[in-house]
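# Remarks on the overall topology
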Amino acid sequence: MSGEVVMDVGERGVVHVTLRHTGRLNAMSRAMWRQLRSVFEGIQRNPEARCVLIEGADGAFCAGGDISEYPAFRFDAAALRDFHENDVWGGLQAMLQCDVPIVAHIAGACMGAGVEIASCCDIRIAGSSARFGAPIARLGFPMAPREAQLVADAVGNVTARQMLLEAATFSATEMLARGFLSRVTEPGLLAADALGTACRVAALAPGAARLNKQTFRALKVPMATDGKLPVAIEMIVHGTPDPYAYANSAEHREGIAAFLAKRPPVF
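First, a word on scope: everything that follows refers to the structure included in this document. Every chain's residues receive numbers from 1 upward, in the order its sequence appears when written. Local features in this predicted model are restricted to residues whose pLDDT is 70 or higher, and side-chain atom pairs enter the listing and the counts only when it is 80 or higher, whereas totals over whole chains, interfaces and linings include all residues. Hydrogens are left out, water is left out, and the side-chain values use all remaining heavy atoms of the structure.

## A word on the packing of aromatic side chains
Note the threshold: Ring geometry is summarised as follows: Phe, Tyr and Trp rings, the Trp one being its six-membered ring, pair when their centres sit within 6.5 Å, and such pairs are stacked at plane angles under 30 degrees, edge-to-face over 60 and tilted between the two. Comment: elements are numbered from the N terminus, with helices defined as DSSP H or I runs of at least four residues and strands as E runs of at least two. Note on exposure labels: buried denotes an accessible area under 20% of the residue type's maximum, exposed denotes more than 50%, and partly exposed covers the range between, all computed with a 1.4 Å probe on protein chains only. Counted as over-ring charges are cases with an Arg CZ or a Lys NZ within 6 Å of the ring centre that also lie within 35 degrees of the ring normal.
Scanning the entire structure with this criterion turns up five aromatic pairs. Taken together, a centroid distance of 6.2 Å and an interplanar angle of 65° make the contact between tyrosine 70 and phenylalanine 83 edge-to-face. Separated by 13 residues along the polypeptide, tyrosine 70 in the loop between strand 3 (51–56) and helix 2 (77–96) and phenylalanine 83 in helix 2 bring together distant segments of the chain. Each member of the pair, tyrosine 70 as well as phenylalanine 83, is classed as buried. A ring pair is formed by phenylalanine 73 and phenylalanine 83, whose centres lie 4.7 Å apart and whose planes are at 45°; its orientation type is tilted. Here phenylalanine 73, found in the loop between strand 3 and helix 2, pairs with phenylalanine 83, found in helix 2; they are 10 residues apart in sequence, far enough to count as distant. This pair shows no difference in class: phenylalanine 73 is buried, exactly as phenylalanine 83 is. Connected via pairs of aromatic rings, a cluster forms that spans Tyr70, Phe73, Phe83 and Phe141. For the cation-ring pair, arginine 74 lies above tyrosine 70, with the distance from its terminal atom to the ring centre recorded as 4.9 Å.

Structure representation (structure tokens):
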């Protein structure tokens, strides 16, 4: 079982999206990234959708990527680029381009891929026991450029640097203070709070909501000074040196091997 992203159309225009990967704290597999893209592209086309409520199954949001899959493709630069630019970014971009408001219901672990998915949401509500971070430095690899830009924009530059350079993790209260969360509530009240928020959003003018999201998205697109040069992130992704050239490096292999063997890495 490689996990799944499940969509269920609820009442009053609220669409429920659930990340489910049993036994892995909803870690994102390649199949799940592709399903995430398909789900949100479908929501974008659905004129009846008024709000999306996204959550993880079984008491966790998402603990990151499914590292058990990584040895099959991560050590080849072309395959690694395909994974991040097509599978992962395809799913995240579908969320970012969705004009329907997205509310995140965040319980438990929200790490790596979970932070990336939460960063695509408009309103983020977390339980007081939730934890946040992207400790992939322990796995011997960096965050892909587009994903790093997304996370830094959402959590703030200081927090992103701590997550990626120090492998720091943060409590829900800390992430609220740093401006990432809309609010924090007690775990027993979280589901009702998140659903209530989604229902309030859904009860408002859906056309206005979609236009607001289009405006927010347009405001985030940087303008080149001459109108022709590609924005900085495109220069990084497609430039020299190749940001995925580390694929076959010793530390990349060691980080993933150590994680799968449940031992500390030796870098």
